[in-house]
Amino acid sequence: GAGVSQSPSNKVTEKGKDVELRCDPISGHTALYWYRQSLGQGLEFLIYFQGNSAPDKSGLPSDRFSAERTGGSVSTLTIQRTQQEDSAVYLCASSLAEYEQYFGPGTRLTVT
Amino acid sequence: AQSVAQPEDQVNVAEGNPLTVKCTYSVSGNPYLFWYVQYPNRGLQFLLKYITGDNLVKGSYGFEAEFNKSQTSFHLKKPSALVSDSALYFCAVRDSRGFQKLVFGTGTRLLVSP
């Protein structure tokens, strides 16, 4: 079946602009996760959603970052007033049970 | 708090030789342990997991990993390496309680030479 998809695959934006990154999880997966991969920081957890529970936002680096998940499916990660240090690959993952997470191909964000 | 250490930035092995990629972890409670592989410009692909049961777990592409509770290790192994195994490998851990984030190691680059 279809895996996790993310769009866009690449995004170049100017410093100070807002960006939205989209994630389509595997159908039926109840949990959805966002991570960030950068050279200096490795793989960092950002936020996760599980069913109707309040999301765990403990990994969001600043209040410029926010995410929502509509209808228990698609998720959007929004970064406001982007900074150069936001440049990274943003990875989305989903899982059905509380075990392995399946990752999408990522969105490469470059802030100029 | 959970943590993972991958002590080797890079592992070099000749094709046909056995390979080991090391991972040690720290977690409160029972660990759930995972290995993922990342090819250039790709997302992470799940290889294998340890949840409970047999300490030796088998995964995709002929990989296996051994859970050692006393040494808090979960090393990735393969009896005979292929050039196509060259990639970046990540070990990850999470606590066994509920849905939770994965904590990743810094990754180990595996280079298999012909």
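Please refer to the structure placed before this passage.
Residues numbered from 1 in each chain as written. Chains lettered and ligands numbered in written order. Predicted model: local features only at pLDDT ≥ 70, side-chain atom pairs only at ≥ 80, totals over all residues. Heavy atoms only, no water.

Peer 1: Even after reading the chapter, I still don't get the nonpolar core, so can you show me in this structure?
Peer 2: Nonpolar side chains in soluble globular proteins tend to be buried together. In this structure, B:W35, B:L47, B:L48, B:F74, B:L76 and B:Y89 are the most contacted members of the largest nonpolar core, which totals 28 residues. At the level of elements, β2 (10-14), β3 (19-21), β5 (31-38), β6 (44-50), β8 (64-68), β9 (73-78), β10 (87-95) and β12 (108-113) of chain B are the ones that each hand at least two residues to this core. Here this core gets four residues from one element, more than from any other, and that element is β10(B). Once you skip the residues sitting within four places of it in the chain, B:L48 turns out to touch B:L33, B:F34, B:W35, B:V57, B:K58, B:G59, B:F63, B:E64, B:A65, B:F74 and B:L76. In this structure, A:Y33, B:F34, B:Y36 and B:L44 belong to the second largest nonpolar core, which totals 21 residues. (Core = buried A, V, L, I, M, F, W, Y, C linked by side-chain atoms within 4.5 Å. Buried < 20%, exposed > 50% of the residue type's maximum accessible area, 1.4 Å probe, protein only. Helix = DSSP H or I, 4+ residues; strand = E, 2+ residues; numbered from the N terminus. Contact = heavy atoms within 4.5 Å.)

Peer 1: Can you help me understand the interface of chain B and chain A in this one?
Peer 2: One frequently used descriptor of interface size is the decrease in accessible area upon assembly of the parts. Taken together, the contact pairs 20 residues of chain B with 23 residues of chain A. Summed over both partners, the interface of chain B with chain A comes to about 1,700 Å²; 59% of that surface belongs to carbon and sulfur atoms. Applying the counting rule to chain B against chain A returns one salt bridge. A salt bridge links A:E100 to B:K49; the shortest N-O distance between them is 2.7 Å. In this assembly, chain B and chain A are joined by four residue pairs in polar contact (both at pLDDT 80 or more). If one sorts the elements of the side of chain B that touches chain A by residue count, β5(B) sits on top with four residues. When grouped by side-chain class, the residues that make up the side of chain B that touches chain A number ten nonpolar, six polar and four charged. (Buried area = accessible area lost by both parts, 1.4 Å probe. Salt bridge = Lys/Arg side-chain N within 4 Å of Asp/Glu carboxyl O. Polar contact = N/O pair within 3.5 Å; in protein donor to acceptor, adjacent residues only side chain to side chain. Nonpolar A, V, L, I, M, F, W, Y, C, P; charged D, E, K, R; others polar.)

Peer 1: I keep staring at the pairing of strand β5 (residues 42-50) of chain A and nothing clicks. Help me out?
Peer 2: Every regular strand shows the same layout, with side chains that alternate between the two sheet faces. Residue and element names in this part refer to chain A. Bridging between strand β4 (residues 31-38) and β5 involves eight bridges; their strand directions are antiparallel. Considered in β5, the bridge of A31 is made with Q50. In this antiparallel pair of consecutive strands, β4 and β5, the connection spans three residues. (Pairing = 2+ DSSP bridges.)

Peer 1: Can you walk me through the pattern of salt bridges in this structure?
Peer 2: Two side chains bearing opposite charge may form a pair once their charged atoms approach each other closely. Residue and element names in this part refer to chain B. Evaluated as defined, the whole model comprises seven salt bridges over all chains. K77 is the partner of E66 in a salt bridge, and the nearest nitrogen-oxygen pair spans 3.6 Å. With E66 in strand β8 and K77 in strand β9, the pair connects residues that are eleven residues apart, well separated along the chain. Its salt-bridge partner being D85, residue K78 comes within 2.8 Å of it at the nearest N-O pair. Each of the two residues, K78 as well as D85, counts as buried.

Peer 1: Before we go on, may I ask you to explain the state of the cysteines in this structure?
Peer 2: Cysteine pairs can be covalently joined through their sulfur atoms, and such a bond is termed a disulfide. On inspection of all chains with the given rule, the structure shows two disulfides over all chains. There is a disulfide in this structure between A:C23 and A:C92, and the S-S distance comes to 1.8 Å. Here A:C23 and A:C92 share a disulfide; its torsion about the S-S bond, -65°, makes the bridge left-handed. Linking A:C23 in strand β3 (residues 19-24) with A:C92 in strand β8 (residues 88-95), this pair joins segments that are 69 residues apart in sequence. What pairs with B:C23 in a disulfide is B:C91, and their sulfur atoms sit 2.0 Å apart. Here the disulfide of B:C23 and B:C91 is left-handed, its torsion about the S-S bond being about -60°. Taken together, the positions of B:C23 in the loop between β3 and β4 (24-26) and B:C91 in strand β10 put the pair 68 residues apart, joining distant regions of the chain. Look at B:C23 and you get buried, because its relative accessible area is 0%. (Disulfide = S-S within 2.5 Å.)

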